[in-house]
Amino acid sequence: MEGETIIKVEHLAKRFGTFEAVKDVSFSVNRGDVFGFLGPNGAGKSTTIRCLLSLITPDAGSIELFGKSFKTDRSAILSNIGSIIEKPDFYKYLSAQKNLEIFARVSGADVSKKEIQEMLEFVGLGDRGKHKLGGFSHGMKQRLGIAQTLLHKPDLIILDEPTTGLDPQGIIEIRNLILRLKNEQNKTILLSSHQLSEIELIANRMVIINQGRSIVEGSVTDLLNTQELLVRIEVDNAAATAELLQKAYPESLFKINSERELEVTFVKELVPELGRLLFSNNIDVHAIEPTRKLEDYFMKIIQA
Amino acid sequence: MKKFLTLLIIAIQFGVLAQDANDIISKVVTKLNTVNDYTVVANVKANIPMIKILPSKATIYFKQKDKFKVVSKGIVILPKQGFTEINGFLANKNSYLAVAGDSTKIGGVMTKLINVVPTGENSEIVLAKLWIDTKRSLIIKSQITTKTNGSVTTTYTYGDKAAFGLPSQLVFEIDVKAFKLPKSVAADINKTTAEKKTKPGKKGVITVTLTDYKVNTGLSDAIFSKKK
Amino acid sequence: MLLKNTYNEFIKILSKPRSYLGIGALTLLVGIIIFAMKADGRSIISFVTSSFEQTLTFNGDVLNGNLIAFIILQMLIVHIPLLVALVTGDLISGEAAMGTIRMLATKPISRTQIVLSKFIAGAMYTLFLTLWLGFFALFVSRQIFGTGDLIVLNSDGLVILQDADILWRFGLGFCVAFLALLTVSTLSIALSAFAENSIGPIVSTMAIIILFTIIGSLDVTVFDNIKPFLFTTHMASWRSFFEDPVPFSAIMKSIVILVVHNILLAAIAVYKFNKKDITS
């Protein structure tokens, strides 16, 4: 059911020796979400995701998936999750088909050889089924990883950096696949990525964690709209324009990037007013655009 | 004079005794030489310290003068000395000196002890003591002492082939003092307690029961040269 | 799920080149021994019987297939543990190094089942190696050298066992030898649960075997209390089937010790793997 909580994490903590990888992470993911899981390197993302998949036992906090706990329903939970953690690893001495058969056998679902072949074709490896993994490129292994994730038709898909190492075409393919999974099959997807633009394009909800703590969580749109935007303006004379705007908006920050370009942090609702001001002062505006919203927001949160 | 006569009598007696011993042996040898060849089934029971073996069976082939072969499916332990060596040894009168000793009853049979000493230095046999049933010219007991292999005492029992001098049973007593296990094999690293090793008894006994004799059937030499 | 993953483990073992390394090495070693015995086996027998041959003769077919099989078993049982550990020591840690353990652990199969399926597959591989050794040692040797009574040199003397009385001894001996090798397999898998690479468990297994064997062979009273409980002390208990009389109670004791080792080591592996944070 839409809105049903699929993942619920509360006050998760995990320490490795003296190092606290996760201190206090809480978030929830609803059915049908494409949930962005963001944080800088070392924030605790991988540790949190491994806790979600019972690869790591947390020291504190609780995790519920599908309303169930690992302590009592581990098998039922994992049979409904497909995941790729970092890079997908396979048995190099086995063929692609054999690898999928191995994982299918323990996935909790009856997957036939025909379905395996169909899945290989779905990810574009239909003619490579008999080939050993040793000869596969990174992109091919990533695609096989996706196949392995979807083989048993799970409701929840957890992807940790799925586009790492892929070329632009590969990135686009993964993005489209995720959207298809969401829109056509109503899958719930938790997506951890450094590609903030990707998250911004496909995620509807997100959490940002830093130094082992969850900082902010919510709808992507809401989080970005409540904040100021970074607006890039291209004009003939950036300095003069900056002076004009500074007088009109003394509390805003203007930054001159070059003779023709300046940036200003601005409330989104006031951007049209900004445009009218420039036009009314006969300033030729070649471009006025919000740039890298999520990235900027992300950096602001992290640095705060 | 008295002394001289005493010595003369002793010398004559000695000569007589020696002549008697040679005669006795000669009769034994004559009897043994009536056998050109034989085949016999041997049931062997070995009771030897440091060796465990169940009774086993073999077929023994013999052909004059010294062809001897043991054929068996399983492993059969026999004494190295004791089957035919004495025959060959006694056959050559010039290679030994035989001196008669006391008469003794062995197993209800009166026997005469004949001590046989080889005259040559190269002989493996150092001393052979034979207790012979002079009436039937059969060896009832022998004790053969060799240079390298200690002593073997053999007790002979005769059945229906006594006329040929072929025994129905031989009981060998062997000196086992020389038995030693190879050190590298003897050490059993998996034995965790210091086990008490009983000292090996000095004698081992091999009992060979001989049945189904086939005498003078004309055995081919090929039997003795064929590889098993 | 246990059976399904055990089947998976079979496939993996059968697909790894190192599995055939062990089988190939074993075949080669046995072949070399058979060749050497065919060329000059009598000298080896003379080494054993020389002391007795001063006063006794050993008639009959002493150099026969049963003796060759016994010699092969005796020589190789020391080396086969390495061939076993080569495959079984890699079962968990090899997957950790490859990263596939991460993939496997996110499936709806319990960690206990993962470990147990590896134990079962490792045991099957060990059984196959044992049977392969048995086939070569016994069957091939008997074909080449024929059958006959078996002459065995024990620490208290020679035992000569009749041909008809041998096969059951080999049968039971191989069963106990398999149990000994299974202990090696279990040990290497248990060590594999602690490691993140293949070499560590293999080397550690052999190091432990060597260390325990040395402790077992030292005639020092300080070790007397622990020697009976070292599994290496009981690894050669298969040999006891070739004594007369067969010390069944001592063999049973060895079996119990080995079984207890297997259970304990398996429990340690299961416990460790269940507690382990998979970070690779």
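Residues numbered from 1 in each chain as written. Chains lettered and ligands numbered in written order. Predicted model: local features only at pLDDT ≥ 70, side-chain atom pairs only at ≥ 80, totals over all residues.

## Topic: the overall build of chain C
Heads up, the condition is: The helix count covers DSSP runs of H or I at least four residues long, the strand count covers runs of E at least two residues long, and both are numbered beginning at the N terminus. Here the globule rule is a power law, 2.2 Å times the number of residues to the power 0.38, and the radius of gyration is based on C-alpha atoms. Here exposure depends only on C-beta density: within 10 Å of a residue's C-beta, 20 or more other C-beta atoms make it buried, 12 or fewer make it exposed, and intermediate numbers make it partly exposed, the C-beta atoms being placed from the backbone. Throughout, a pair of residues is in contact if the C-beta atoms placed from their backbones lie within 7 Å.
From N to C terminus, chain C includes ten helices and three strands. Walking chain C from its N terminus toward its C terminus, one meets helices and strands in the order α-α-β-α-α-α-α-α-β-β-α-α-α. Here the C-alpha radius of gyration of chain C, 21 Å, is about what a compact globule of 280 residues would show, namely 19 Å. The dimensions of chain C, computed from C-alpha atoms along their principal axes, are 70 × 45 × 25 Å. Looking at chain C as a whole, 48% of its 280 residues qualify as buried. In chain C, once contacts between residues fewer than 6 apart in sequence are set aside, the share between residues at least 24 apart is 81%.

## Considering the packing of helix α7 (residues 111-145) of chain C against helix α10 (residues 248-275) of chain C
Any two packed helices are characterised by how steeply their axes cross, that is the angle between the axes, and by the distance between the axes. Residues and elements named next belong to chain C. Rules: Note on geometry: axes are C-alpha line fits, over the in-contact stretch for helices, and angles between N-to-C directions span 0 to 180 degrees. Under this scheme an angle from 65 to 115 degrees is roughly perpendicular, one under 35 degrees roughly parallel, and one over 145 degrees roughly antiparallel; angles in between are oblique. Each helix crossing is assigned a hand: it is left-handed if the near helix lies turned anticlockwise from the far helix by less than a right angle, otherwise right-handed if that turn is clockwise.
As a packed pair, α7 and α10 sit with axes 9 Å apart at the nearest point and diverge in direction by 140°. Classified by the angle between their axes, α7 and α10 sit oblique to one another. Remark: the crossing between α7 and α10 carries right-handed chirality. Contact residues: R111, T112, V115 and F119 in α7; A266, A269, V270, F273 and N274 in α10.

## Overview of the nonpolar core
Note the following rule: For our purposes the nonpolar core covers buried Ala, Val, Leu, Ile, Met, Phe, Trp, Tyr and Cys residues that link as a set through C-beta atoms within 7 Å.
Counting residues in each nonpolar core, the largest one holds 190 residues, and the members touching the most others are A:F35, A:I158, A:L191, B:V44 and B:I77. Counting residues per element, this core draws most heavily on helix α8 (residues 167-192) of chain C, at 14 residues. Discounting chain neighbours no more than four positions away, the residues touching A:F35 are A:V29, A:I189, A:L190, A:L191, A:A203, A:R205 and A:M206. Membership of the second largest hydrophobic core comes to ten residues, among which are A:L230, A:V231, A:V235 and A:V264.

## Here we look at helix α6 (residues 168-185) of chain A
Under the convention used in this document: A helix is expected to span 1.5 Å multiplied by its residue count minus one.
Taking 1.5 Å of rise per residue, the 18 residues of α6(A) would be expected to cover 26 Å, and the 25 Å separating its terminal C-alpha atoms lies within 8% of that figure. A:N186, located one to two residues past α6(A), shows a positive phi value of around 55°.

## Brief notes about the sheet that holds strand β10 (residues 150-158) of chain B
All names here are of chain B. Put simply, the test is: DSSP bridges decide pairing: two strands pair if at least two such bridges lie between them.
Overall, antiparallel pairing links the ten strands, which are arranged β4-β3-β1-β12-β11-β10-β9-β8-β7-β6 in an open sheet. Edge positions in the sheet fall to β4 (67-71) and β6 (96-106), since each has one partner strand and no second. Pairwise comparison of adjacent strand axes, ignoring direction, gives a mean angle of 20° for this sheet. The pairing of strand β3 (residues 56-63) with β4 spans five bridges and is antiparallel. Bridging from a neighbouring strand, F62 pairs with F68 of β4.

## Brief notes about the interface of chain A and chain C
Cut-off, in case you're wondering: Lys, Arg, Asp and Glu make up the charged group, whereas Ala, Val, Leu, Ile, Met, Phe, Trp, Tyr, Cys and Pro make up the nonpolar group; the residues left over, Gly among them, are polar.
On the chain C side, the residues contacting the 22 residues of chain A number 22 residues. Looking at the side of chain A that touches chain C, the elements that each hand over two or more residues are α2 (70-78) and α3 (96-105) of chain A. Grouping the constituent residues of the side of chain A that touches chain C by class yields 13 nonpolar, six polar and three charged.

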